[in-house]
Amino acid sequence: MRIKRTAFRICLLAAGCLLAISSPASADLKVGTALVDVTPVQLPAIINGGFLSRQADKVVSPLHARTLVLDEGGERIAIVVVDSCMIPRLLLDDAKALAAMKTDIPADRILISATHTHTAAASMSCLGTEADPNYVPYLRERLAAAIVEAESNLQPARVGFGSIDCPDFTASRRWILRPDRMQTDPFGNKSVRANMHTARTFDDVTGPTGPEDPSLNMIAFQSLDGKPLAVLANFSMHYYGTQPISSDYFGVFCNSLSKKIANTEGGDSEEASVEPKCLSILSHGCSGDIWRRDYFDHTQETQPGSNMTEYAELLADEAKKAYEQIEFRSVAPLRMIERRITLNYRVPDAQQLQWAQQIVEAMGDRPPKDKTEVYAHEAIILHERQSTEVVLQAIQLGDIAIATTPNETYALTGLKVKLQSPLAQTMVIELANGGDGYIPPPEQHYLGGYNTWPARSAGLEVQAEPKIVENLLEMLEQLTDQERAAYQPAGKRWEESVLSLDPVAFYRLDEFAPSAAIDRSGHSRTGFLEPGVSMFLEGPQLDSEKPESAAACNRAVHFSGSRLNANLNGIGEEYTVICRFWNGMPTDGRDTTGWIFSRGHDFGLGANSLHIGIGGTATKPGRVIVQQGEDVIAVGETETKRHSWHALAIVCDGKNVSLFLDGVAAPELTAALKSVPPSSMPFFFAGRSDRKDAFEGRMDEIAVFSRKLSPAELTELVPKQK
């Protein structure tokens, strides 16, 4: 389950990491700020953020461009965060060029990102909404003006970094549907195995498709005499949802944090609301698959606060805790690089193009009125464009790093960058320098859903995500002159215990991507993960110590009709398998809830094959079962709960198979085998050899031994559950 902690961790600048590449370290950092109104002046305005076009004729809360200009050692850069759903690259390139003409900041040293409020004026055409022709030129001018103003306010400053985990404020919104509850896409195909907010009907789903990133990071600046100047925060939560025109929770958070910091420094709250003494900025973290509601608590919509204002105020309270612990330093070398790469669109084939052309031709000049027409129109656009240029940036500020993507980026993608960055203090800002749509990790395309349907909102090639991640890591390495970090999984002491018993294969299942299931035993028995997996989900806690942060927890794989295929030829009659499982299916949803372990020939169900699973309506729901061939030969008595981690040990001596559950010393069951599976039979996990009733949920920490483990060894590896 999700880690629910309010304890925070504070990351401080380390002086030993502040080495310059092109210039010696200095204390010449300067910061300038600007808060510029970008609310449309011509109403009604077209609003972004939906499948179909809509307009608004009133302003609920103003929109702003919150701007920092940083200067140090001859380098000068600008960072702008705009209350907008998304802004196209060409508009931003124009605004940067205009700002570069009026300042000493080169265009490729300007970062402009959108907050992703769904209630702002439309500056980009996407899906069924066209850009507002009155707003686009106005926004261009205002963005340049914000950079000019911030540059004029430069003053000497110090910098610090803070971070706090806020798991109660963010959660996964993309969930996996049960195989019998799949949905139909706009093209008429029953392809949707996962989609946003499907967990509103909780029995329809098995679990979320990816991890969360609950870390709220911030880079803070203060004057040399200790007065707060600015905070650039970053958090992964998509948007709250309110009426247009509005900055959504982003604006409320920024105003609230500025007031709280002013009060911390002895300022007046009311005064700070007029002209904040500290400019607070909230940039959009990797939130493509993230929202505020925790669907695991499916009885009600739980979250901090009862409305948007309370939610933002409480999140600002958490941010203030981190801010109060920041250690500010004067030394901060500043560097920035930009890279532009070309990525292909997933264009329609001849049949899809003909389908789209017929629909668009029938529409004539009117805008789309439903999703089918929207995606037909988008198919024509992708066909005409074929490819696009995307802008990536990386910034180093001492031992702090910022990486950007122009996409709606999944939390997993942000974690890939953060956990492998050469600098531990790294934030990832999405929807920066363009609006190039969702980039699901490649394995997520298999599960479908609207963030995979080809359109400007999700049209980049399947491999766009790993290409962008690799480019960002290369840029960070170039910027810092350091190698990327190697990801270190949690549970190292438990891993050492497993390896001390010499397993023939050991799959920790903590990889970022499903290229392979790495065998940690040293015997090179790499496993194959079939299509239909989601990576890096929260796994079971293995060691007694809790991880220092939510991002550092143990990781697992979620299986959706797929299996881990392990060729372990040569294992004889005696063997032991240890694994952990987390079932996502209702245990009364089908005859067999799912198969955890299987030994048999692929696509077959021979008489001497062996299968271990979780019972359903045909036996006892939620109890472990043993089947040989087509016959169930034993059923346990202990119920395994849905969405809970359980530890299972399978011990086979050639004559009998015994199952040990959750560290209980006595076996849950022992069954006499009718025959012994031959050593040539492969091992399958999370599914049966004939591919029926695959396990729907997470599996982790699979270890296989070519002997019977002793009771003492089993107790060591599978301690009793508390």
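Residues numbered from 1 in each chain as written. Predicted model: local features only at pLDDT ≥ 70, side-chain atom pairs only at ≥ 80, totals over all residues. Heavy atoms only, no water.

Of the regular secondary structure elements, the chain holds twelve helices and 34 strands. Expected size for 722 residues packed as a compact globule is a radius of gyration near 27 Å; at 27 Å, the chain falls within 12% of this value. Judged by the C-alpha coordinates and their principal axes, the chain covers about 85 × 65 × 45 Å. A burial count over the chain gives 62% of its 722 residues as buried. Considering only residue pairs separated by 6 or more positions, the chain has 76% of its internal contacts joining residues 24 or more positions apart. Carbon and sulfur atoms make up 48% of the accessible area of the chain, which totals about 25,600 Å². (Helix = DSSP H or I, 4+ residues; strand = E, 2+ residues; numbered from the N terminus. Rg over C-alpha atoms; globule rule 2.2 N^0.38 Å. Buried < 20%, exposed > 50% of the residue type's maximum accessible area, 1.4 Å probe, protein only. Contact = heavy atoms within 4.5 Å. Areas by Shrake-Rupley, 256 points an atom, 1.4 Å probe, with all protein chains shown as cover.)

We now examine the sheet that holds strand 13 (residues 228-235). Here we have eight strands laid out as an open sheet, ordered 6-5-4-1-7-12-13-14, and mixed in their pairing. What marks the edges here is a single partner per strand, and that holds for strand 6 (110-114) and strand 14 (279-284). For this sheet, the mean inter-axis angle between neighbouring strands, taken without regard to orientation, is 25°. Of the pairings in the sheet, the one linking strand 12 (residues 215-223) to strand 13 comprises six bridges and is antiparallel in character. (Pairing = 2+ DSSP bridges. Axes fitted to C-alpha atoms, helices over the stretch in contact; angles between N-to-C directions.)

On to helix 5 (residues 308-324). Over its 17 residues, helix 5 runs 24 Å from end to end, which matches the ideal 24 Å to within 8%, given 1.5 Å per residue. The opening residue of helix 5 is Asn307, an N-cap whose side-chain oxygen sits 3.1 Å from the backbone nitrogen of Thr309. (Expected span 1.5 Å × (residues − 1). Polar contact = N/O pair within 3.5 Å; in protein donor to acceptor, adjacent residues only side chain to side chain.)

Strand order across the open sheet formed by seven strands is 21-24-33-26-27-28-29, with antiparallel pairing between neighbours. Pairing within the sheet leaves two strands with one partner each, and these edge strands are strand 21 (528-529) and strand 29 (631-635). Relative to strand 28 (residues 624-628), strand 27 (residues 610-615) is paired through five bridges, and the arrangement is antiparallel. When the bridges of strand 28 are listed, Ile614 appears paired with Val624.

Time to look at helix 7 (residues 371-385). Note: α-helices contain 3.6 residues per turn, so residues at a spacing of three or four share the same orientation. Taking 1.5 Å of rise per residue, 15 residues should cover 21 Å, and helix 7 covers 21 Å from first to last C-alpha, within 8% of that figure. Taken residue by residue, helix 7 has Glu373, Val374, Tyr375, Ala376, Glu378, Ala379, Ile380, Ile381 and Leu382 as its buried positions. Where helix 7 is buried, its residues touch helix 6 (350-363). Backbone geometry just after helix 7 places Gln386 at a positive phi near 70°.

Summary statistics for the chain give a mean pLDDT of 92 and a share of 94% for residues scoring 70 or more. Across residues 1-26 the pLDDT falls below 50, and counting only partners more than four positions away or on other chains, this stretch makes 87 contacts in the model. (pLDDT = per-residue confidence, 0-100.)

Quick look at the environment of Ala686 now. Note that Ala686 resides in the loop between strand 33 (683-685) and strand 34 (696-705). Between the alpha carbons of Ala686 and Ser562 there is a distance of 7.0 Å; along the sequence they are 124 residues apart. The residues contacting Ala686, other than those within four sequence positions of it, are Phe559, Ser562, Arg563, Trp595, Ile596, Ala694, Phe695 and Met699.

What follows deals with the pattern of salt bridges. Scanning the entire structure with this criterion turns up 43 salt bridges. Where Arg109 meets Asp108, a salt bridge forms, and the shortest distance between an N and an O atom there is 3.3 Å. Of the residues examined, Arg109 reaches a relative accessible area of 17% and is grouped as buried. The partner of Lys260 in a salt bridge is Glu313, with the nearest N and O atoms 3.6 Å apart. (Salt bridge = Lys/Arg side-chain N within 4 Å of Asp/Glu carboxyl O.)

With 89 residues, the main nonpolar core has Leu216, Phe235, Tyr249 and Phe253 as its most contacted residues. If you tally residues by element for this core, the top one is helix 5, at eight residues. The contact partners of Tyr249, leaving out residues within four places of it in the chain, are Phe235, Met237, Tyr239, Tyr240, Leu282, Met308, Tyr311, Ala312 and Leu315. In terms of nonpolar packing, the next biggest core, distinct from the first, is built from 48 residues, Val504, Leu529, Leu610 and Ile612 among them. (Core = buried A, V, L, I, M, F, W, Y, C linked by side-chain atoms within 4.5 Å.)

This part takes up the packing of aromatic side chains. Under the criterion given, the structure shown has 25 aromatic pairs. Seen in terms of ring centroids, Tyr323 and Phe328 are 6.2 Å apart; in terms of plane orientation they differ by 65°. Their pairing is edge-to-face. Take Tyr323 and Phe328: they sit in the same class, and that class is buried. Ring geometry for Tyr375 and Trp453: centres 5.4 Å apart, planes at 85°, overall edge-to-face. Note that Tyr375 is positioned in helix 7 and Trp453 in the loop between helix 9 (442-445) and helix 10 (464-480), a separation of 78 residues in sequence. Across the pair, Trp453 and Tyr375 agree in class, each one buried. (Phe/Tyr/Trp six-rings, centres within 6.5 Å; stacked < 30°, edge-to-face > 60°.)

So, on to the pairing of strand 6. Burial runs high along strand 6: five of the five residues are buried. Neither face of strand 6 is exposed, since Ile110, Ile112 and Ala114 on one face and Leu111 and Ser113 on the opposite face are all buried. Examined bridge by bridge, strand 5 (residues 75-82) and strand 6 share five bridges and lie parallel to one another. Along strand 6, the bridge assignment pairs Ala78 with Ile110. For the handedness criterion, the β-α-β arrangement of strand 5, helix 1 (residues 89-102) and strand 6 is classed as right-handed. (Right-handed = clockwise from strand over helix to strand, strands pointing away.)

Glancing now at the side chain of Asp71. Among the structural elements, Asp71 can be located in strand 4 (residues 64-72). At 2.7 Å, the side chain of Asp71 and the side chain of Arg76 are in polar contact. The residues touching Asp71, leaving out its near neighbours within four places in the chain, are Asp28, Leu29, Lys30, Arg76, Leu154 and Leu334.

As for its position among the elements, Leu714 is in helix 12 (residues 711-717). Placed 54 residues apart in sequence, Leu714 and Phe660 show a C-alpha to C-alpha distance of 8.7 Å. Apart from the residues lying within four places of it in its own chain, the contact partners of Leu714 are Thr576, Ile578, Ala649, Val651, Phe660 and Leu709.

At a minimum axis distance of 8 Å, the contact between helix 6 and helix 7 shows a crossing angle of 115°. Crossing handedness for the pair helix 6 and helix 7: left-handed. Contacts between helix 6 and helix 7 involve Leu353, Trp355, Ala356, Gln357, Ile359, Val360 and Met363 from the first element and Thr372, Glu373, Tyr375, Ala376, His377, Ala379, Ile380 and His383 from the second. Among the residues forming the contact of helix 6 with helix 7, the class breakdown is ten nonpolar, four polar and one charged. (Left-handed = near helix turned anticlockwise from the far one by under 90°. Nonpolar A, V, L, I, M, F, W, Y, C, P; charged D, E, K, R; others polar.)

Okay, the side chain of Thr413 next. For Thr413, the position within the fold is in helix 8 (residues 411-420). With a relative accessible area of 2%, Thr413 lands in the buried category. A polar contact of 2.8 Å, which involves the side chain of Thr413, links it to the side chain of Glu465. In contact with Thr413, not counting residues within four places along its chain, are Ile439, Pro441, Glu465 and Val469.

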